[in-house]
Amino acid sequence: GVRIIIFGDKVILEDPIEIWPKCDCLIAFCSSGFPLQKAQAYAALRRPFLVNELEPQYLLHDRRKVYEHLEKYGIPVPNYALVNREYPYQELDHFIEQEDFVEIHGKRFLKPFVEKPANGDDHRIMIYYPNSAGGGMKELFRKVGNRSSEFHPDVRRVRREGSYIYEEFMPTGGTDVKVYTVGPGYAHAEARKSPVVDGVVMRNPDGKEVRYPVLLTPMEKQMARDVCNAFRQMVCGFDLLRCDGRSYVCDVNGWSFVKNSYKYYDDAACIMRKIFLDAKAPHLSSTIPPTLPWKSKAPEGLTRQGSGIIGTFGQSEELRCVVVVIRHGDRTPKQKVKLKVTEEKLLNLMLKYNGGKPRAETKLKSAVQLQDLLDATRQLVPPTRSGQESDSDAEDLEHIEKLRQVKAVLEEGGHFSGIYRKVQLKPLKWIKVPEHNGDGEEDRPIEALMILKYGGVLTHAGRKQAEELGRFFRNNIYPGEGTGLLRLHSTYRHDLKIYSSDEGRVQMSAAAFAKGLLDLEGQLTPILVSLVSKDSSMLDGLEDASIEMDEAKARLHEIIISNAKAKNTNGSVEFPWMVDGAGLPPNASELLPKMATLTKQVTAQVKLLAEGEDEKLALTSSFSRYDQAKALGKTTIDAARIAAGLPCGSESFLLMFARWKKLERDLYNERKDRFDITQIPDVYDSCKYDLVHNAHLNLKGLEELYKVAQLLADGVIPNEYGINPKQKLKIGSKIARRLMGKVLIDLRNTREEAICVADPKFTEDEALFLPTKEVEHQQKIQVRNEDGRRSSTTSEKSMDQEDEDDRETKYRLDPKYANVKTPDRHVRTRLYFTSESHIHSLMNVLRYCNLDESLHGEDSLVCQSTLDRLHRTRELDYMSNIVLRMFENTEVPLEDEKRFRIEMTFSRGADLSPLEDKTSETSSLLQEHTLPIMGPERLQEVGSCLTLDKFEKMVRPFAMPPEDFPPATPQALGYFSKGAGVLERLASFWPFHKGAANGKI
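These numbers were taken from a predicted model, which means no experiment stands behind them.

Q: Lay out the overall build of the protein chain with the relevant residues and their values.
A: Check the secondary structure of the protein chain and you find 34 helices and 30 strands. For the protein chain, the residues scored as buried account for 56% of the 1001 residues in total. Counting contacts in the protein chain only where the partners sit at least 6 residues apart, residues at least 24 apart contribute 74% of the total.

Q: Tell me about the pairing of strand 6 (residues 107-110), and please be specific about residues and values.
A: When strand 5 (residues 101-104) meets strand 6, the two strands line up antiparallel, connected through four bridges. Bridge pairing in strand 6 places Phe101 opposite Leu110. Here strand 5 folds back onto strand 6, and the loop between the two strands holds two residues, one of which, His105, carries a positive phi near 50°.

Q: Give me the lowdown on the sheet that holds strand 14 (residues 212-214), citing residues and values where you can.
A: Read across the open sheet, the five strands follow the order 14-13-12-15-16; overall the sheet is antiparallel. Only two strands of the sheet have a single partner each, and these edge strands are strand 14 and strand 16 (246-253). The average undirected angle you get between the axes of adjacent strands in this sheet is 35°. Of the pairings in the sheet, the one linking strand 12 (residues 175-182) to strand 15 (residues 235-243) comprises six bridges and is antiparallel in character. By the bridge assignment for strand 15, Thr181 is matched with Cys236.

Q: Now, about the packing of aromatic side chains: what can you tell me, with residues and values included?
A: Inspection of every chain in the model, using the stated rule, returns 17 aromatic pairs. Relative to Tyr42, the ring of Phe7 lies with its centre 6.0 Å away and its plane at 85°, an arrangement referred to as edge-to-face. One end of the pair, Phe7, is in the segment before helix 1 (9-13); the other, Tyr42, is in helix 2 (residues 36-46), with 35 residues separating them in the sequence. Directly above the aromatic system of Phe95 lies the positively charged group of Arg85, at a separation of 5.5 Å from the ring centroid. Directly above the aromatic system of Phe101 lies the positively charged group of Arg108, at a separation of 3.8 Å from the ring centroid.

Q: Got a sec to walk through the sheet that holds strand 4 (residues 95-98)? Specific residues and values, please.
A: Read across the sheet, three strands follow the order 4-5-6 without closing on themselves; strand pairing throughout is antiparallel. On the outer flanks of this sheet lie strand 4 and strand 6, each paired with one strand and no other. The average undirected angle you get between the axes of adjacent strands in this sheet is 15°.

Q: Residues and numbers for unusual backbone geometry, please.
A: With the exception of glycine, the majority of residues adopt a negative phi angle, and the majority of peptide bonds are in the trans configuration. Cis peptide bonds are those with omega within 30 degrees of zero, and the linkage from Lys111 to Pro112 qualifies with 5°. Looking at where Pro112 falls in the secondary structure, it is placed in the loop between strand 6 and strand 7 (113-117). Positioned with a positive phi, Tyr89 is a non-glycine residue whose angle comes to about 60°. Along the chain, Tyr89 turns up in the loop between strand 3 (80-83) and strand 4. Judged by relative accessible area, which is 55%, Tyr89 ranks as exposed. One non-glycine residue, Asp519, lies in positive phi territory at about 55°. Here Asp519 lies in the loop between helix 13 (504-517) and helix 14 (524-531).

Q: So what's going on with the packing of helix 24 (residues 725-735) against helix 29 (residues 836-848)? Which residues, and what values?
A: The interhelical angle for the contact between helix 24 and helix 29, taken along N-to-C directions, is 125°, at an axis separation of 8 Å. One element, helix 24, and the other, helix 29, form an angle in the oblique class. Judged by the twist between their axes, the crossing of helix 24 over helix 29 is left-handed. Counting all contacts with helix 24, which are made through Pro725, Lys728, Leu729, Gly732, Ser733 and Ile735, the residues of helix 29 involved are Ser837, His838, Ser841, Asn844, Val845 and Tyr848.

Q: How would you sum up the environment of Leu524? Please name residues and give values.
A: You can see Leu524 is positioned in helix 14. The class for Leu524 is buried, based on a relative accessible area of 2%. Residues Leu524 and Ala510, 14 residues apart in the sequence, show an inter-C-alpha distance of 9.4 Å.

Q: An account of a nonpolar patch on the surface is needed here, citing residue identities and associated values.
A: On the surface, Val2, Ile4 and Ile6 cluster together to form a nonpolar patch covering roughly 400 Å² of accessible area. With respect to the element layout, Ile4 can be found in the segment before helix 1. For Ile4, a relative accessible area of 73% puts it in the exposed group.

Q: Hey, could you go over a positive patch on the surface for me, with residue numbers and the actual values?
A: A cluster of basic residues, Lys336, Lys338, Lys363, Lys365 and Lys453, forms a positive patch on the protein surface. Relative to the helices and strands, Lys453 is located in strand 21 (residues 441-455). Residue Lys453 is classed as partly exposed on the basis of its relative accessible area of 38%.

Q: Any chance you could break down the pattern of salt bridges for me, citing the residues and the numbers?
A: Under the defined criterion, the tally for this structure stands at 65 salt bridges. Between Asp372 and Lys352 there is a salt bridge, with its nearest N and O atoms 2.7 Å apart. One end of the pair, Asp372, is in helix 9 (residues 367-380); the other, Lys352, is in helix 8 (residues 344-353), with 20 residues separating them in the sequence. For Arg751, the salt bridge identified is with Asp949, shortest N-O distance 2.9 Å. One end of the pair, Arg751, is in helix 25 (residues 737-758); the other, Asp949, is in helix 32 (residues 948-955), and 198 residues separate them in sequence. Taken together, the shared-partner salt bridges in this structure form one network comprising Lys143, Asp176, Arg192, Glu209 and Arg211.

Q: Break down helix 13 for me, citing the residues and quoting the values.
A: Between the first and last C-alpha of helix 13 there are 20 Å, a value that for 14 residues agrees with the 20 Å anticipated at 1.5 Å per step. Taken across its 14 residues, helix 13 has 14 buried, putting it largely inside the fold. Asp519 sits one or two residues past helix 13 and shows a positive phi near 55°.

Q: Pulling in residues and values, what's your account of the nonpolar core?
A: Of all hydrophobic cores here, the largest spans 45 residues; its most connected members are Ile560, Met595, Trp660, Ile680, Val683, Leu705 and Leu712. Elements supplying a minimum of two residues to this core: helix 16 (546-561), helix 17 (588-611), helix 21 (653-667), helix 22 (680-693), helix 23 (702-720) and helix 24. Per-domain counts for this core show at least three residues from each of domain 2 (314-330 + 459-541 + 723-759 + 822-965) and domain 4 (584-618 + 645-715). The contacts of Leu712, once residues within four sequence positions are left out, are Pro585, Ala588, Leu591, Leu592, Met595 and Ile680.

Q: Give me the lowdown on the confidence of the model for the protein chain, citing residues and values where you can.
A: Residues with a pLDDT of 70 or more make up 79% of the protein chain, whose mean pLDDT is 81. Scored below 50 in pLDDT, residues 564-572 makes nine contacts in the model with residues more than four places away or belonging to other chains.

What counts and what doesn't
Residues numbered from 1 in each chain as written. Predicted model: local features only at pLDDT ≥ 70, side-chain atom pairs only at ≥ 80, totals over all residues. Heavy atoms only, no water. Helix = DSSP H or I, 4+ residues; strand = E, 2+ residues; numbered from the N terminus. Buried < 20%, exposed > 50% of the residue type's maximum accessible area, 1.4 Å probe, protein only. Contact = heavy atoms within 4.5 Å. Pairing = 2+ DSSP bridges. Axes fitted to C-alpha atoms, helices over the stretch in contact; angles between N-to-C directions. Phe/Tyr/Trp six-rings, centres within 6.5 Å; stacked < 30°, edge-to-face > 60°. Lys NZ or Arg CZ within 6 Å of the ring centre and 35° of its normal. Parallel < 35°, antiparallel > 145°, perpendicular 65-115°, else oblique. Left-handed = near helix turned anticlockwise from the far one by under 90°. Patch = residues over 30% accessible without salt bridge, like charges linked within 9 Å, V, L, I, M, F, W, Y side chains within 5 Å. Areas by Shrake-Rupley, 256 points an atom, 1.4 Å probe, with all protein chains shown as cover. Salt bridge = Lys/Arg side-chain N within 4 Å of Asp/Glu carboxyl O. Lys, Arg positive; Asp, Glu negative; His and termini not counted. Charge placed at Lys NZ, Arg CZ, Asp CG, Glu CD. Expected span 1.5 Å × (residues − 1). Core = buried A, V, L, I, M, F, W, Y, C linked by side-chain atoms within 4.5 Å. Domains from an automatic or database assignment. pLDDT = per-residue confidence, 0-100.

Here is the structure:
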């Protein structure tokens, strides 16, 4: 038999090795304080078989040597660089730290990046975040109670007291994978929630950290074998990072084993027994059965822990895919200041940051750049109004006021963040001046256009709305228990990806939603960086439809100003949405002068408040600066500012006055006696914002202005995206074309995965590699977002690895170890966060796609009653969303088109007037400056069946085809490479109508 002897602490630390117990096989492992030299002396004296070699364990105490050793054996590691210091705070010429990056020996690491101590026994690992995501640092550490990390929003500088490894941050979808080897031929892997996300340790009722066993890919199994052999540690553990379809080893530990897994215990015991017998009694090894003599069985309670079942719809339907397009949450009004500048300080600043090119524009976003601009502006603007300004020219006065506005915007927040403030400087005029060397002449700018964009920041209410909607989705969109989604997600059966446009308010809405959806805690910055991918090409911009939108606005202006009645009025009773300018109030031309008068009245009141602001701020100096970064963590109103009579949030009275003055000036030009109807949405936006957030200021006439502005905006906003359904479809298809193409890819990838899993020939190995178009899409996003930050790779790529680039690895739960009834069941979720324009555009494509010539005779995807309801809805407010859920009927044959159906719902978002009855439930929400989000509404009749085939046929003329998501190779189209049948189906899925794809309706 095998006798186990445990050397106690006294024996190991105090007794000489000569009196240590004798053994045939020795298990000694790396840990802090362990006398490794003493163990080596014992091994030399007694010569036992070493399960883990002792000499290589010195490597494990130094992360630099671990990485060097991994690279030596060709094991992939993250892109990294070393900073070695001989003494604390040693200054190094090859180490440069700037606001958003560090540079080591010429290799630049943009934030977010990871900082690890060279000392392997120091577990304080830091992650530094870019200002564009809110900045700050997250500290990871060994678990203390229920925490494994803390976020520090004010820490932005790296440590300098020692030697460190710097490596690029690798987004892993909020999940860590731990791999445990027992000899080179066995590896067990478990997934857990990454401490990077929120630092809260998930524990089961027994107090153990919740982990789920997952399958390793063939490449990962080889990596486990290589780690085991490279460090000559039979029993060891390492951290595996899975990012963009590739895997990397980032830390190797000594003796590591799994806790709370009966099957693993059995496997490890059998393997260890064979290792011992092979080393000391090989004649017995072949006579011992490979399994244990008893049948290990987990307690019944464990197998029933949680349902693990997604749920059914009808008799045999299962949810397969959830695709959601969501507008951002409540924000401050967007603002823009334009002014021509001739001041030498500002012109020199432009030259400083555009490389000295006199005819090139420059953009200022970083803290250093904006601080330079603020310093220059402070020197140009007097601190207070002198009273002599009344003698100045009107244009000079306006110029000074705009500079004062720029200064006020830049002074807000305590520190800068490119998410909230952006400045452009464009040279307009030049003169010739002698070159410095006197050899000739060169251009010198004498006038430039400055454009400052600010505002549009997610408010505390917007964050609260996004979190609440995330919680609603967690509990209602996914069938089963309230915790069903969390269990799906943590067990690798929930394939979640979140995309956002480039706007800060949209990114933060996505992060807040993810926090509610996945029941996370803490600040938004780590969640944003870990879980949200930016894709501005898919979710930003109106450039593709700018001509058509300008035409729609021009026609809209004609209808309103001339008080023209809509055409085809004879059809308006049955289909009121089919006429030009549908939804405009009949007295729109009469409402415009009233709006201009009321706007002027409100502006005058705000001006008085702004004039007394300097005195008020002097009395309440603690409120004169507002830290926007800290505001990101708030979900409540600024009670102290409100009590002091100041505007809620970051806006000063000076900026509030500038906002209203610009609206007054732009809405109506008195000299030309002309109204600009494009300002109607902005007036409505400002009215609603101040009624929700600044009602305590009691601005006279604001409520009446809101009612007038709402009547006009309800007609203007929907018509800006097309004056009639055909034009709406044309504009919508141009704006949402890429997004619609991606949605179709999502749905088809899910269908093909489900078909593959349902195939009787399906095997576990096939489940590991499910090629999809999405991995290329994400890799393309990352390259675009990071501006090529990966400056080197750790190993050369083989031909096989290049082939793998076109395949997305679908990581799976390990059914042999999983404490889950349905390990093969999967749900794909894709969340797309965007702005109002894309919500309107996508909705217009869905409801009017049947008007395309190629689809004549087809009914709309949206039922008649909902078409009428949408016509009356008008506004798709903050957090409005469109949800597509795909279900699979497992009792229908695979080839039957009814196997997969689509369910469509939408929500109007926070579409509620702040003037609603104050006795209702809304009253308490308004006190918190928050409007509730409307519940989901069906786009189809109850009981109707919209098949995936029908949905594809109707929307594909308006979607970007797969080949336009480069690279366009057969393997990269998002389908399984198993069998020719799939490729044949692919050809039939996408007979594109080229005219519609190019915007021809």
